[in-house]
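Remarks on the overall topology
The lines below spell out each chain.
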Amino acid sequence: MLNEALSRRYAAAVYEMAAEQHTVPEILEDLRLIHATIAENAELKSALFSPTLGADVKQNIAQQLFSKHVRALALHFYMLLLKKDREAYLGDIIALYSDQYNKDNGILEVKLEVAAEIDPQLEALVVTNLTKMTGKRIDLNVEVHPELVGGAVVSAGEHYYDGSLKNQLAELYKQLK
Amino acid sequence: MAIKADEISQILRQQIESYQPEVHEATYGTVIKVGDNIATVYGLSEAYSGELLKFSNGVYGMVMNLEEDCIGCMVMGPDNDIREGDRVERTNRIADVPVGAAMFGRVVNALGQPIDGKGDIVTKERRTIEFTAPMVMDRQPVAQPMQTGLKAIDALVPIGRGQRELIIGDRQTGKTAIAIDAILNQKDTDVYCIYVAIGQRANAVATVVDTLKKHGVMDKCVVVAANANEPPSLLYLAPYTGCAIAEDLMYHGKHVLIIYDDLTKHAIAYREISLLLRRPPGREAFPGDVFYLHSRLLERSAKLSDELGGGSSTALPIIETQLGDVSAYIPTNVISITDGQIYLDADLFRSGNRPAVDVGLSVSRVGGSAQLKATKQVAGPLRVDLAQYRSLAAYAKLSADELDQVSRDQLARGDRITAVLNQKQYVPMPVEQMVAVLFAVTRGYMDKTPVSQIPRFEKEFISFMEHENKQILDSIKKEGKLDDKLMEQLGSCAEKFSSEVFAIEEA
């Protein structure tokens, strides 16, 4: 996070407006589209992030590029970011926006790190158990990290449960030392 | 005896077999930046102020600042292998240190870990380093004397158990010496001692420990040392650690004497931390809460009520002044928190008055009621005599020849009192001897002795009393006060000694 306090304020503003128009998930999608387009296109990125180009030039580019693909609110918001020289904060703003969306809809983003690919049945079992534990809808992202050796690490926000073999071996090593 | 390799592998096998895999559960944040023993941590939105955090290299930190999107954390140990992006875990506890009987005779660091090479401290008792000071109703007035064994202090600025008496003076004026003498004097009492060294040279601390050992008091002492080379976080914690150890004894109904040597360096360490945490600087660049820093520490020293066991914790904080400037920020703060101060004067020290207590500027706000009755009886005229002497001495410098007999007598008396109040280091005086000597000087039995002979008079008078009039000293010790009969006996002894014994020797 570059500056969370700043990003949070932008995120809260656009979230509130989206909520008024009942388009919260749609605006999230639109913002993600803008972010992804810029991230994938190096030339576009260098233009929009360039300190030599004025805000009006950048706004023109954005207008031509995104006006047909995203909703007015998302475009206007991005225009504002360009005007205020805050284009670099878009990623953070999207993350905070989606946090708020998840919070309001009882969704919990959970990261499951495992050593090898797991079968969908096991994944479903993890989701069921986590749902039971937290009482929230689980949005599970599975990542494979062979260095964990075995077991799994579950993390959600700032909390994590480390049941990996890597950690257990480290603990054992500490005990034997 | 060699241990068989088989045996070792057997034990290791057992350990591995009996190992219980556990899921490690934690809440973590991420290090954004680290330097100068201060880390900024992103996340940990639920951490509370003062909580211990654990860095991935095993070093602990303490939460100091809670900000909107990050935490300012003081690292309590080496920070050179903490990296940006490292995980920092919550521990859900605040800092605590081992306390209790296992600590006696030990030298520990600010985290309560032994640094004297005598092995681990085996104890289960722990106490949080921060604790609320006793409430008003939990206390009782200071009424029991805490003898320091120094004539100048016990007679003129008496200290009571549970009192906070500041020792203040320039560098090299004997501040630590007074504190150490006070500890040595507790050898045969029921008072335990804690010496907290803050930001001192390791060499100086070693000397103190050596002195305590040599005089046989180390067994009832704990030395908490945060030396000059240690990070400011440890210097900041050391007094609270010492206080926790003292407090544990106090709440168990025991009596404790705790020395903070010195709080100036403590304040400087805290200033360093505060500035690095970007807290706004105030006067002399100290942060706004530097008063609270010391008040919350010193308020924890108290005489507890009888319901709470009647224990006490007497604090002797030390403050170093610059060129005798007691109106600087930290000295004025601590003067206002404590129940009096012993002011040590550099000029007095240089002119050979040791301890260099400036009687005019030193006060004890509560010690009077704690002073032993006998000391009070003999020391009563002392303050008046000295005050008159000082005003007269200033005047006499201008025109000594024109003084009348009364003034000259007063000057002579003052010279002798000043000589009697001098005392060598590491020889605390038992209270009964002190009473006898002070009696002799205030009643004029030393008036005929030349000032240069006063130390010899004092020494031989004590020896005379010890050998030939032991019962008088014993009854002073037992009674704690001088009744008419005792006063008369003491008078005749002093008379006999000054006119017969000492005079004959002189001839």
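Rules used in this analysis
Residues numbered from 1 in each chain as written. Chains lettered and ligands numbered in written order. Predicted model: local features only at pLDDT ≥ 70, side-chain atom pairs only at ≥ 80, totals over all residues. Heavy atoms only, no water. Helix = DSSP H or I, 4+ residues; strand = E, 2+ residues; numbered from the N terminus. Buried < 20%, exposed > 50% of the residue type's maximum accessible area, 1.4 Å probe, protein only. Contact = heavy atoms within 4.5 Å. Areas by Shrake-Rupley, 256 points an atom, 1.4 Å probe, with all protein chains shown as cover. pLDDT = per-residue confidence, 0-100. Buried area = accessible area lost by both parts, 1.4 Å probe. Salt bridge = Lys/Arg side-chain N within 4 Å of Asp/Glu carboxyl O. Polar contact = N/O pair within 3.5 Å; in protein donor to acceptor, adjacent residues only side chain to side chain. Domains from an automatic or database assignment. Axes fitted to C-alpha atoms, helices over the stretch in contact; angles between N-to-C directions. Parallel < 35°, antiparallel > 145°, perpendicular 65-115°, else oblique. Left-handed = near helix turned anticlockwise from the far one by under 90°. Nonpolar A, V, L, I, M, F, W, Y, C, P; charged D, E, K, R; others polar.

A few words now on the overall build of chain B. The number of helices and strands found in chain B is 15 helices and 16 strands. Dimensions along the principal axes, computed over C-alpha positions, put chain B at roughly 90 × 60 × 45 Å. Within chain B, buried positions represent 54% of all 507 residues. Long-range pairs, those at least 24 residues apart, make up 74% of the contacts in chain B between residues at least 6 apart in sequence. Accessible surface for chain B amounts to roughly 23100 Å². Of this, 52% is attributable to carbon and sulfur atoms.

Moving on, we get to the confidence of the model for chain B. For chain B, per-residue confidence averages 92 on the pLDDT scale, and residues scoring 70 or more make up 98% of the total. What the predictor reports for the complex is a pTM of 0.87 with an ipTM of 0.74.

Looking now at the interface of chain B and chain A. The extent of an interface is frequently quoted as the accessible surface area lost upon association of the parts. Contact residues are listed per partner, giving 21 residues for chain B and 19 residues for chain A. Roughly 1900 Å² of surface becomes buried between chain B and chain A when both sides are summed, with 47% attributable to carbon and sulfur atoms. Inspection of the region where chain B meets chain A yields two salt bridges. In this structure, B:Glu68 and A:Arg9 form a salt bridge, with 2.9 Å as the shortest nitrogen-oxygen distance. On inspection of chain B and its partner chain A, the count reaches 13 residue pairs in polar contact (both at pLDDT 80 or more). Looking at the side of chain B that touches chain A, the elements with two or more residues in it are α1 (5-17), β1 (24-35), β2 (38-43) and β6 (87-94) of chain B.

Here the focus is the domain arrangement of chain A. Per the domain assignment, the segments making up chain A are domain 1 (4-102) and domain 2 (107-176). Here domain 1 of chain A and domain 2 of chain A have C-alpha centroids that lie 33 Å from each other.

As a further point, take the packing of helix α11 (residues 405-421) of chain B against helix α12 (residues 431-442) of chain B. For any two helices packed against each other, the geometry comes down to the angle between their axes and how far apart the axes lie. Residues and elements named next belong to chain B. For the pair α11 and α12, interaxial distance at closest approach is 10 Å and the crossing angle is 165 degrees. With respect to α12, the element α11 is oriented roughly antiparallel. In this structure, α11 meets α12 at a crossing whose hand is right-handed. Contacts between α11 and α12 involve Arg413, Arg416, Ile417, Val420 and Leu421 from the former and Val437, Leu438, Val441 and Thr442 from the latter. Among the residues making up the contact of α11 with α12, the classes are represented as six nonpolar, one polar and two charged.

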